[in-house]
Amino acid sequence: QITIKDEGKMKYPAAFVDKITGAFQEEGKQWLNRLHLIIEEYKEKWELSIEEPVDNLSYNYVINVTQQDGTQAILKIGVPNWDFSNEINTLITYNGTGCVKLLRFDSKDGIMLLEKLSPGNMLSDLPEEEAIETYVEVWSKLPRTVNPTYSMTEIITWFSGFDRFLRSEYADKYPLKEFVLEAKSFVSDFINNKDEIFLLHGDLHHENILCSDLHGWTAIDPKGVIGHLYFDFTSFMVNHLPKNQDVKQVIHNRINKISALLHLDKQKLIKASFIMGTLSACWAIEDKDPNWEISFISTQHFRSFL
(Lines give C-alpha, C1' and ligand atoms only; values in the text may rest on other atoms or scores of the structure.)
Protein backbone atom coordinates (compact mmCIF):
# COMPACT_ATOMS: atom_id res chain seq x y z
CA GLN A 1 0.00 0.00 0.00
CA ILE A 2 1.29 3.47 -0.96
CA THR A 3 1.13 6.11 1.73
CA ILE A 4 0.00 9.49 0.39
CA LYS A 5 1.20 12.87 1.61
CA ASP A 6 -0.34 16.28 0.94
CA GLU A 7 2.10 18.80 -0.53
CA GLY A 8 0.60 22.09 -1.66
CA LYS A 9 -2.48 21.37 -3.77
CA MET A 10 -1.64 17.77 -4.68
CA LYS A 11 -1.11 14.42 -3.02
CA TYR A 12 2.05 12.40 -3.63
CA PRO A 13 3.34 8.99 -2.50
CA ALA A 14 5.14 9.36 0.83
CA ALA A 15 8.26 7.58 -0.48
CA PHE A 16 8.50 10.14 -3.30
CA VAL A 17 8.08 13.09 -0.92
CA ASP A 18 10.73 11.62 1.40
CA LYS A 19 13.19 11.16 -1.48
CA ILE A 20 12.73 14.73 -2.70
CA THR A 21 12.99 16.31 0.74
CA GLY A 22 15.89 14.04 1.70
CA ALA A 23 17.87 14.93 -1.41
CA PHE A 24 16.90 18.59 -1.89
CA GLN A 25 15.91 19.71 1.64
CA GLU A 26 14.06 23.07 1.67
CA GLU A 27 14.41 23.52 -2.10
CA GLY A 28 12.66 20.17 -2.54
CA LYS A 29 9.79 21.18 -0.24
CA GLN A 30 9.25 24.42 -2.15
CA TRP A 31 9.35 22.56 -5.48
CA LEU A 32 6.70 20.08 -4.26
CA ASN A 33 4.49 22.99 -3.21
CA ARG A 34 4.54 24.54 -6.69
CA LEU A 35 4.63 21.32 -8.73
CA HIS A 36 0.87 21.47 -9.45
CA LEU A 37 1.34 24.94 -10.97
CA ILE A 38 4.12 23.71 -13.28
CA ILE A 39 1.95 20.80 -14.43
CA GLU A 40 -1.00 23.10 -15.10
CA GLU A 41 1.15 25.61 -17.01
CA TYR A 42 2.65 23.05 -19.39
CA LYS A 43 -0.61 21.19 -19.78
CA GLU A 44 -1.92 24.37 -21.42
CA LYS A 45 1.30 25.41 -23.18
CA TRP A 46 1.97 22.02 -24.77
CA GLU A 47 -1.72 21.05 -25.15
CA LEU A 48 -1.55 17.87 -23.11
CA SER A 49 -4.13 15.65 -21.45
CA ILE A 50 -2.77 14.69 -18.03
CA GLU A 51 -3.15 11.09 -16.91
CA GLU A 52 -1.75 9.10 -13.99
CA PRO A 53 1.87 9.23 -12.73
CA VAL A 54 4.10 6.18 -13.18
CA ASP A 55 4.32 3.69 -10.32
CA ASN A 56 8.05 3.86 -9.60
CA LEU A 57 8.59 7.57 -8.87
CA SER A 58 12.10 8.42 -7.74
CA TYR A 59 13.71 11.88 -7.90
CA ASN A 60 11.38 13.22 -10.62
CA TYR A 61 7.62 13.41 -11.02
CA VAL A 62 6.79 11.39 -14.12
CA ILE A 63 3.30 11.46 -15.65
CA ASN A 64 1.62 9.69 -18.55
CA VAL A 65 0.12 12.24 -20.94
CA THR A 66 -1.61 12.36 -24.31
CA GLN A 67 -0.67 14.97 -26.90
CA GLN A 68 -3.19 16.89 -28.99
CA ASP A 69 -2.75 14.48 -31.93
CA GLY A 70 -3.61 11.53 -29.67
CA THR A 71 -0.03 10.29 -29.31
CA GLN A 72 0.90 9.13 -25.82
CA ALA A 73 4.00 10.62 -24.20
CA ILE A 74 5.74 11.03 -20.86
CA LEU A 75 6.01 14.30 -18.94
CA LYS A 76 9.04 14.35 -16.64
CA ILE A 77 9.43 17.14 -14.09
CA GLY A 78 12.33 17.60 -11.69
CA VAL A 79 13.90 20.17 -9.41
CA PRO A 80 15.48 22.59 -11.91
CA ASN A 81 19.23 22.24 -11.51
CA TRP A 82 22.44 21.39 -13.32
CA ASP A 83 21.71 17.63 -13.30
CA PHE A 84 18.32 18.04 -14.96
CA SER A 85 19.76 20.33 -17.65
CA ASN A 86 22.59 17.85 -18.11
CA GLU A 87 20.08 15.06 -18.80
CA ILE A 88 18.38 17.25 -21.41
CA ASN A 89 21.74 17.91 -23.13
CA THR A 90 22.52 14.18 -23.11
CA LEU A 91 19.15 13.32 -24.68
CA ILE A 92 19.75 15.94 -27.37
CA THR A 93 23.17 14.40 -28.03
CA TYR A 94 21.77 10.85 -28.22
CA ASN A 95 18.95 12.06 -30.52
CA GLY A 96 17.02 8.82 -30.12
CA THR A 97 19.96 6.50 -30.85
CA GLY A 98 19.60 3.66 -28.35
CA CYS A 99 17.75 6.01 -26.00
CA VAL A 100 14.27 7.49 -25.65
CA LYS A 101 13.69 10.56 -27.81
CA LEU A 102 13.26 14.02 -26.29
CA LEU A 103 10.24 15.82 -27.83
CA ARG A 104 10.13 19.16 -25.96
CA PHE A 105 11.81 20.68 -22.93
CA ASP A 106 12.28 23.73 -20.75
CA SER A 107 15.41 23.64 -18.58
CA LYS A 108 14.32 26.69 -16.60
CA ASP A 109 11.26 24.92 -15.20
CA GLY A 110 12.90 21.47 -15.07
CA ILE A 111 10.48 19.81 -17.46
CA MET A 112 10.69 17.57 -20.52
CA LEU A 113 8.27 15.78 -22.80
CA LEU A 114 9.50 12.36 -23.89
CA GLU A 115 8.43 9.71 -26.34
CA LYS A 116 6.51 6.93 -24.59
CA LEU A 117 8.03 3.46 -24.90
CA SER A 118 5.30 0.83 -25.17
CA PRO A 119 4.68 -1.72 -23.78
CA GLY A 120 7.43 -0.45 -21.46
CA ASN A 121 8.48 -3.73 -19.83
CA MET A 122 11.68 -3.36 -17.82
CA LEU A 123 14.84 -5.37 -18.35
CA SER A 124 14.19 -6.97 -14.95
CA ASP A 125 11.41 -8.99 -16.63
CA LEU A 126 14.05 -11.04 -18.48
CA PRO A 127 15.97 -14.04 -17.08
CA GLU A 128 19.39 -13.12 -15.70
CA GLU A 129 21.58 -14.29 -18.60
CA GLU A 130 19.33 -12.75 -21.23
CA ALA A 131 19.18 -9.50 -19.25
CA ILE A 132 22.99 -9.24 -19.23
CA GLU A 133 23.20 -9.80 -23.00
CA THR A 134 20.42 -7.29 -23.68
CA TYR A 135 22.03 -4.73 -21.38
CA VAL A 136 25.30 -5.03 -23.32
CA GLU A 137 23.43 -4.58 -26.63
CA VAL A 138 21.67 -1.41 -25.40
CA TRP A 139 24.84 0.02 -23.85
CA SER A 140 26.71 -0.61 -27.11
CA LYS A 141 24.17 1.40 -29.15
CA LEU A 142 24.50 4.60 -27.13
CA PRO A 143 26.65 7.34 -28.71
CA ARG A 144 29.76 8.03 -26.65
CA THR A 145 31.38 10.94 -28.48
CA VAL A 146 31.48 14.03 -26.27
CA ASN A 147 29.49 16.91 -27.82
CA PRO A 148 31.59 20.08 -27.39
CA THR A 149 28.44 22.23 -27.81
CA TYR A 150 27.38 21.44 -24.24
CA SER A 151 29.19 21.95 -20.97
CA MET A 152 28.48 18.63 -19.27
CA THR A 153 29.23 17.03 -15.92
CA GLU A 154 32.65 15.43 -15.59
CA ILE A 155 32.73 12.34 -13.44
CA ILE A 156 35.67 13.65 -11.43
CA THR A 157 33.24 16.13 -9.83
CA TRP A 158 31.20 13.17 -8.52
CA PHE A 159 34.19 12.00 -6.50
CA SER A 160 33.93 15.08 -4.27
CA GLY A 161 31.29 12.90 -2.56
CA PHE A 162 34.16 10.98 -0.94
CA ASP A 163 35.54 14.12 0.69
CA ARG A 164 32.08 15.25 1.78
CA PHE A 165 31.56 11.89 3.46
CA LEU A 166 34.93 12.01 5.24
CA ARG A 167 34.20 15.52 6.53
CA SER A 168 30.68 14.67 7.63
CA GLU A 169 29.30 13.33 10.89
CA TYR A 170 28.63 10.05 9.05
CA ALA A 171 32.30 9.13 8.70
CA ASP A 172 32.48 7.81 12.25
CA LYS A 173 28.92 6.44 12.35
CA TYR A 174 29.05 4.11 9.34
CA PRO A 175 31.55 1.33 8.52
CA LEU A 176 32.59 2.95 5.25
CA LYS A 177 35.62 5.13 5.99
CA GLU A 178 38.24 2.51 5.10
CA PHE A 179 36.47 1.79 1.80
CA VAL A 180 36.26 5.50 0.92
CA LEU A 181 39.98 6.03 1.51
CA GLU A 182 40.83 3.01 -0.66
CA ALA A 183 38.42 4.06 -3.43
CA LYS A 184 39.92 7.56 -3.42
CA SER A 185 43.38 6.08 -3.90
CA PHE A 186 42.20 4.24 -7.05
CA VAL A 187 40.58 7.22 -8.78
CA SER A 188 43.83 8.54 -10.30
CA ASP A 189 44.17 5.28 -12.28
CA PHE A 190 41.17 6.34 -14.37
CA ILE A 191 41.31 10.12 -14.80
CA ASN A 192 44.68 10.72 -16.43
CA ASN A 193 44.24 9.05 -19.83
CA LYS A 194 42.27 11.48 -22.04
CA ASP A 195 42.00 8.83 -24.79
CA GLU A 196 39.60 6.82 -22.62
CA ILE A 197 37.19 9.65 -21.81
CA PHE A 198 33.67 9.33 -23.24
CA LEU A 199 30.08 10.42 -22.76
CA LEU A 200 28.58 7.89 -20.35
CA HIS A 201 24.92 7.18 -19.61
CA GLY A 202 25.82 7.17 -15.93
CA ASP A 203 22.84 5.18 -14.61
CA LEU A 204 22.06 2.34 -17.00
CA HIS A 205 20.37 -0.48 -15.11
CA HIS A 206 17.33 -2.80 -15.30
CA GLU A 207 14.71 -0.11 -14.58
CA ASN A 208 16.29 2.31 -17.07
CA ILE A 209 16.02 -0.06 -20.03
CA LEU A 210 12.49 -0.47 -21.39
CA CYS A 211 10.98 -2.55 -24.15
CA SER A 212 9.52 -0.65 -27.11
CA ASP A 213 7.50 -2.21 -29.95
CA LEU A 214 9.00 0.46 -32.21
CA HIS A 215 12.66 0.47 -31.14
CA GLY A 216 13.27 -2.75 -29.19
CA TRP A 217 15.04 -2.44 -25.82
CA THR A 218 15.78 1.25 -25.22
CA ALA A 219 17.58 3.30 -22.56
CA ILE A 220 15.93 6.06 -20.52
CA ASP A 221 16.99 8.55 -17.82
CA PRO A 222 20.65 9.22 -18.72
CA LYS A 223 22.70 11.12 -16.17
CA GLY A 224 25.07 12.16 -18.96
CA VAL A 225 28.55 12.33 -17.53
CA ILE A 226 31.98 12.59 -19.13
CA GLY A 227 34.46 10.05 -17.83
CA HIS A 228 36.29 6.78 -18.16
CA LEU A 229 34.37 4.02 -19.95
CA TYR A 230 34.75 1.55 -17.07
CA PHE A 231 32.71 3.73 -14.71
CA ASP A 232 29.54 3.11 -16.73
CA PHE A 233 28.72 -0.47 -15.65
CA THR A 234 28.29 -0.46 -11.87
CA SER A 235 24.64 0.65 -11.87
CA PHE A 236 23.66 -2.52 -13.70
CA MET A 237 25.91 -4.86 -11.74
CA VAL A 238 24.48 -3.90 -8.34
CA ASN A 239 20.86 -3.56 -9.44
CA HIS A 240 18.00 -6.07 -9.24
CA LEU A 241 20.02 -8.60 -7.26
CA PRO A 242 18.07 -11.80 -6.49
CA LYS A 243 16.95 -12.48 -2.94
CA ASN A 244 17.14 -16.26 -3.18
CA GLN A 245 20.59 -16.67 -4.73
CA ASP A 246 24.22 -16.07 -3.78
CA VAL A 247 24.50 -12.32 -4.49
CA LYS A 248 28.29 -12.44 -4.59
CA GLN A 249 28.16 -15.11 -7.30
CA VAL A 250 25.57 -13.15 -9.32
CA ILE A 251 27.75 -10.01 -9.27
CA HIS A 252 30.83 -12.05 -10.19
CA ASN A 253 28.99 -13.61 -13.13
CA ARG A 254 27.89 -10.17 -14.36
CA ILE A 255 31.49 -8.95 -14.22
CA ASN A 256 32.73 -12.00 -16.12
CA LYS A 257 30.06 -11.79 -18.80
CA ILE A 258 30.20 -8.01 -19.37
CA SER A 259 34.00 -8.00 -19.54
CA ALA A 260 33.94 -10.93 -22.00
CA LEU A 261 31.19 -9.55 -24.27
CA LEU A 262 32.75 -6.08 -24.43
CA HIS A 263 36.41 -7.20 -24.31
CA LEU A 264 37.12 -5.21 -21.16
CA ASP A 265 39.98 -5.67 -18.70
CA LYS A 266 38.28 -7.61 -15.89
CA GLN A 267 40.42 -6.35 -12.99
CA LYS A 268 40.13 -2.77 -14.20
CA LEU A 269 36.36 -3.19 -14.38
CA ILE A 270 36.27 -4.51 -10.81
CA LYS A 271 38.37 -1.60 -9.56
CA ALA A 272 36.12 0.96 -11.29
CA SER A 273 33.05 -0.81 -9.88
CA PHE A 274 34.53 -0.72 -6.38
CA ILE A 275 35.00 3.05 -6.72
CA MET A 276 31.46 3.62 -7.99
CA GLY A 277 29.89 1.22 -5.49
CA THR A 278 31.59 3.02 -2.62
CA LEU A 279 30.44 6.37 -3.99
CA SER A 280 26.85 5.08 -4.25
CA ALA A 281 26.96 4.06 -0.58
CA CYS A 282 28.21 7.55 0.35
CA TRP A 283 25.42 9.19 -1.64
CA ALA A 284 22.79 6.91 -0.11
CA ILE A 285 23.90 7.83 3.41
CA GLU A 286 24.02 11.51 2.46
CA ASP A 287 20.44 11.30 1.11
CA LYS A 288 19.30 9.47 4.27
CA ASP A 289 18.37 6.45 2.16
CA PRO A 290 17.61 3.50 4.47
CA ASN A 291 18.79 1.12 1.74
CA TRP A 292 22.40 2.33 1.88
CA GLU A 293 23.48 -1.13 3.09
CA ILE A 294 22.57 -2.65 -0.28
CA SER A 295 25.24 -0.49 -1.93
CA PHE A 296 27.67 -1.28 0.86
CA ILE A 297 27.24 -5.06 0.53
CA SER A 298 27.92 -4.86 -3.22
CA THR A 299 30.99 -2.74 -2.52
CA GLN A 300 32.31 -5.37 -0.14
CA HIS A 301 31.95 -7.98 -2.87
CA PHE A 302 33.81 -5.83 -5.41
CA ARG A 303 36.62 -5.38 -2.91
CA SER A 304 36.86 -9.12 -2.35
CA PHE A 305 37.31 -9.65 -6.12
CA LEU A 306 40.29 -7.28 -6.38
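First, a word on scope: everything that follows refers to the structure included in this document. Residue indices begin from 1 for each chain and proceed along its sequence in written order. Restriction of local features to residues with pLDDT of at least 70 applies here, the model being predicted, together with a cutoff of 80 or more for giving and counting side-chain atom pairs; totals for whole chains, interfaces and linings are based on all residues. Side-chain metrics rest on all non-hydrogen atoms present in the structure, leaving aside hydrogens and water.

**A short note on the sheet that holds strand E5 (residues 72–77)**
Point 1. Pairing between strands requires that DSSP locate at least two bridges from one strand to the other. Strands here are runs of E lasting at least two residues and helices are runs of H or I lasting at least four, both read from the DSSP assignment and numbered beginning at the N terminus. In space, the five strands of this open sheet follow the order E3-E4-E5-E7-E6, with antiparallel pairing throughout. The open sheet terminates on both sides in strands that have one partner only, identified here as strand E3 (48–53) and strand E6 (102–106). Here the strands of the sheet are splayed against their neighbours by 25° on average, with no regard to which way each runs.
Point 2. Pairing geometry for E6 and strand E7 (residues 111–115), over four bridges, is antiparallel. What sits directly across from Phe 105, in E7, is Met 112.
Point 3. Relative to strand E4 (residues 61–67), helix H1 (residues 14–45) is tilted by about 20°, and along the sheet it contacts E3, E4, E5, E6 and E7.
Point 4. Each of E5, E6 and E7 touches helix H2 (residues 82–94); the most contacted strand, E7, lies at about 30° to it. For helices, the fitted line uses only the C-alpha atoms of the stretch in contact; every axis is such a line through C-alpha atoms, and the angle between N-to-C directions lies from 0 to 180 degrees. The contact criterion used throughout is that any non-hydrogen atoms of two residues lie within 4.5 Å.

**Looking at the environment of Leu 166**
Point 1. The residue Leu 166 is located in helix H5 (residues 160–167) in this model.
Point 2. Classification of residues uses two cut-offs on accessible area relative to the type maximum, computed with a 1.4 Å probe and protein chains only: under 20% is buried, over 50% is exposed, and between them is partly exposed. Judged by its relative accessible area of 24%, Leu 166 is partly exposed.
Point 3. Leu 166 sits ten residues away from Leu 176 along the chain, and the two C-alpha atoms are 9.4 Å apart.

**Things to note about the sheet that holds strand E10 (residues 197–200)**
Point 1. Reading across from one edge, E9-E13-E10 is the order of the three strands in this open sheet, with mixed pairing throughout. Among the strands making up the open sheet, the edge pair consists of strand E9 (153–154) and E10.
Point 2. Here two bridges tie E9 to strand E13 (residues 225–228), and the two strands are oriented parallel to one another. Along E13, the bridge assignment pairs Thr 153 with Val 225.

**Points about the nonpolar core**
Point 1. In terms of nonpolar packing, the biggest core is built from 97 residues, with Trp 31, Tyr 135 and Ile 258 touching the most fellow members.
Point 2. Among the elements that take part in this core, helix H9 (residues 266–286) stands out by supplying eleven residues, more than any other. Joining through side-chain atoms within 4.5 Å is the link that ties buried Ala, Val, Leu, Ile, Met, Phe, Trp, Tyr and Cys residues into a set, and such a set is a nonpolar core.

**Thoughts on helix H3 (residues 128–141)**
Point 1. Helix span, expected: 1.5 Å multiplied by one less than the number of residues in the helix. Its 14 residues place the ends of H3 20 Å apart at the C-alpha level, agreeing with the 20 Å of an ideal helix rising 1.5 Å per residue.
Point 2. Taken together, the buried positions of H3 are Ala 131, Ile 132, Thr 134, Tyr 135, Val 136, Val 138 and Trp 139.
Point 3. For H3, the elements touching its buried residues are strand E11 (209–212), strand E12 (216–219), helix H7 (234–237) and helix H8 (247–261).

**With respect to the side chain of His 201**
Point 1. Position of His 201 among the secondary structure elements: in the loop between E10 and E11.
Point 2. Accessibility expressed as a relative area gives 1% for His 201, which makes it buried.
Point 3. At 3.0 Å, the side chain of His 201 and the backbone nitrogen of Asp 203 are in polar contact.
Point 4. For this analysis, a polar contact is any N or O atom pair within 3.5 Å, provided that within protein one partner can donate a hydrogen and the other can accept it, and provided that sequence-adjacent residues contribute only side-chain to side-chain pairs. Within the local environment of His 201, its side chain forms a polar contact with the backbone oxygen of Ile 220, the two atoms lying 2.8 Å apart.
Point 5. For His 201, the residues in contact, after removing those within four places along its chain, are Tyr 94, Leu 142, Asn 208, Ala 219, Ile 220, Asp 221, Pro 222, Lys 223, Gly 224 and Asp 232.

**Structural notes on unusual backbone geometry**
Point 1. In this chain, Ser 118 is followed by Pro 119 through a cis amide linkage whose omega measures 10°.
Point 2. Even without being glycine, His 240 reaches a positive phi, approximately 50°.
Point 3. Tracing the chain through its elements places His 240 in the loop between H7 and H8.
Point 4. His 240 sits in the partly exposed class, given a relative accessible area of 42%.
Point 5. Here the phi dihedral of His 263 falls at roughly 55°; this positive angle occurs in a residue that is not glycine.
Point 6. Considering the arrangement of structural elements, one finds His 263 in the loop between H8 and H9.

**What about the packing of aromatic side chains?**
Point 1. Two rings from Phe, Tyr or Trp (for Trp, the six-membered ring) form a pair when their centres sit within 6.5 Å of each other. Planes less than 30 degrees apart are called stacked, planes more than 60 degrees apart edge-to-face, and all others tilted. Tallying each qualifying case throughout the model produces 17 aromatic pairs.
Point 2. For the pair Tyr 135 and Phe 236, a centre-to-centre distance of 4.1 Å together with 10° between the ring planes defines the contact as stacked. With Tyr 135 in helix H3 and Phe 236 in helix H7, the pair connects residues that are 101 residues apart, well separated along the chain.
Point 3. Classification of Tyr 135 as buried rests on a relative accessible area of 0%.

**Looking at the packing of H3 against H8**
Point 1. Running from N to C, H3 and H8 cross one another at 40°; their axes reach a closest spacing of 10 Å. Compared by their axis directions, H3 and H8 come out oblique. Note that H3 runs across H8; the crossing there is right-handed. In this structure, H3 contributes Glu 128, Glu 129, Ile 132, Glu 133, Tyr 135 and Val 136 to the contact, and H8 contributes Val 250, Asn 253, Arg 254, Lys 257, Ile 258 and Leu 261. Between 65 and 115 degrees an angle is taken as roughly perpendicular, under 35 as roughly parallel, over 145 as roughly antiparallel, and anywhere else as oblique. For any helix crossing, the convention is left-handed if the near helix is rotated counterclockwise from the far helix by under a right angle, and right-handed if that rotation is clockwise.

**Details of the pairing of E7**
Taken residue by residue, a regular strand's side chains alternate between the two faces of the sheet.
Point 1. E7 sits mainly inside the fold: five of its five residues count as buried.
Point 2. Where E6 hands over to E7, the hairpin turn is made up of four residues, of which Gly 110 adopts a positive phi near 60°.

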